[in-house]
Amino acid sequence: MKNSILLTLFTILAMTGFTQIHTPESDTIRIRELLTELTKTSKPRNYQNVDQLNETASFIFDQFKQSADTVFYQTYQVRGITYKNVIARFGDAQSERLIIGAHYDVCGNQEGADDNASGIVGLLELARMLKEQKTQKSIELVAYTLEEPPYFRTEYMGSFIHAKSLKDSGTKVSGMICLEMIGYFKEEKRTQDYPLGLLKLFYGSRGNYITVVNKFSKGKTARKFTKRMDRFTTLPVKKFNGPKSLTGIDFSDHLNYWKMGYSACMVTDTAFYRNKNYHQKTDEMGTLNISKMASVINGVFLSILA
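This one's a predicted model, so the numbers in the text were calculated from it and none came from an experiment. (Residues numbered from 1 in each chain as written. Predicted model: local features only at pLDDT ≥ 70, side-chain atom pairs only at ≥ 80, totals over all residues. Heavy atoms only, no water.)

A.B. asks: Quick one: what's the story with the packing of aromatic side chains, residue by residue and with numbers?
C.D. replies: Under the counting rule described, the total for this entry stands at 11 aromatic pairs. When the centroid spacing of 6.0 Å and the interplanar angle of 80° are considered together, the rings of phenylalanine 152 and phenylalanine 251 count as edge-to-face. Of this pair, phenylalanine 152 sits in the loop between strand S4 (138–144) and helix H5 (158–169) while phenylalanine 251 sits in the loop between strand S7 (237–242) and helix H8 (254–259), and the two are 99 residues apart along the sequence. Relative to phenylalanine 272, the ring of phenylalanine 251 has its centre 5.9 Å away and its plane inclined at 50°; by these criteria the two rings are tilted. (Phe/Tyr/Trp six-rings, centres within 6.5 Å; stacked < 30°, edge-to-face > 60°. Helix = DSSP H or I, 4+ residues; strand = E, 2+ residues; numbered from the N terminus.)

The following block contains the structure:
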């Protein structure tokens, strides 16, 4: 049985030693406002529209700046063009670091509401909710550039740049959580597909849940986070473990942390296995379920601080 928000608060207080007496919650009005800012831009935020990417990065930076202890750009060049990750840090900088990331670029000429404005809004809401929370953990929120084609699975992905920088610097990293499409939900039957048809017998045909995706050898942090999401999230959470060879299991930024040997997982509405607007011009904010998206963000917040 799902815990109430109040019971969750006291559980977290006991486990983390917070001095605050309230638990922040995700704000559906703000979610809608942030989605509008990210999707209703003059140009699509793809790799070719560098000015638009920079404008989006600046918006994310300004939002982070309102809440985080430290905010900065991680810049790098691709074919003479400068691209930017946006990074916000919270908590004890000397502690083992937990990374939570999402990409802000889109594929082609589309708004990319679910893919992946939803994940970025998740980061921005987490930043607001983390403000003034007293925790001994070190948390780093990262908004990545260049996740989408033509740079997907290349060393030009923003997440590859970030993960490699952690590895090269010897930074202690507990793990990484990727927010990849967290806003699309359907209650009707036959709205959920799978890479293997047999999985429908175990997970059902309704696209009304959030998934935490792991590879078989997921590591301690991903394992603990997955259990906590199931405990702290008010909508259904379904856990999926599979081989790295399974189509879709590594289709986001967590794949680069796997490459560097870190424990990592993906929080997702299952992308194209549910949302047929994936990489289409129809991926607009009107297709998203804002209240359920807020529930996902609340679950992530409670899970990372437990």
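Having seen the model, we can carry on.
A.B. asks: Any chance you could break down unusual backbone geometry for me, citing the residues and the numbers?
C.D. replies: The linkage connecting aspartate 115 with the following residue, asparagine 116, adopts the cis geometry, with an omega of 0°. Within the secondary structure, asparagine 116 sits in helix H4 (residues 113–130). Look at the link from proline 149 to proline 150: it is a cis peptide, with omega at 10°. Mapped onto the fold, proline 150 is located in the loop between S4 and H5. Phi is positive for glutamate 132, which is not a glycine, with a value near 70°. For glutamate 132, the position within the fold is in the loop between H4 and S4. Exposure remark for glutamate 132: the relative accessible area of 54% places this residue in the exposed category. The backbone of threonine 270 shows a phi angle near 85°, a positive value even though the residue is not glycine. (Buried < 20%, exposed > 50% of the residue type's maximum accessible area, 1.4 Å probe, protein only.)

A.B. asks: Which residues make up the sheet that holds strand S8 (residues 264–268), and what values do they have?
C.D. replies: Taken in spatial order, the eight strands make up an open sheet running S1-S2-S4-S3-S5-S8-S6-S7, and their pairing is mixed. Edge positions in the open sheet fall to strand S1 (70–78) and S7, since each of these has one partner strand only. Within the sheet, the average angular offset between the axes of one strand and its neighbour, ignoring direction, is 20°. Across four bridges, the pairing between strand S5 (residues 173–179) and S8 is parallel. Along S8, the bridge assignment pairs methionine 176 with alanine 264. Helix H3 (residues 50–65) rests against S1, strand S2 (81–91) and S4 of the sheet, and its axis sits at about 10° to S2. Relative to S4, H5 is tilted by about 150°, and along the sheet it contacts S1, S2, strand S3 (97–103), S4 and S5. (Pairing = 2+ DSSP bridges. Axes fitted to C-alpha atoms, helices over the stretch in contact; angles between N-to-C directions. Contact = heavy atoms within 4.5 Å.)

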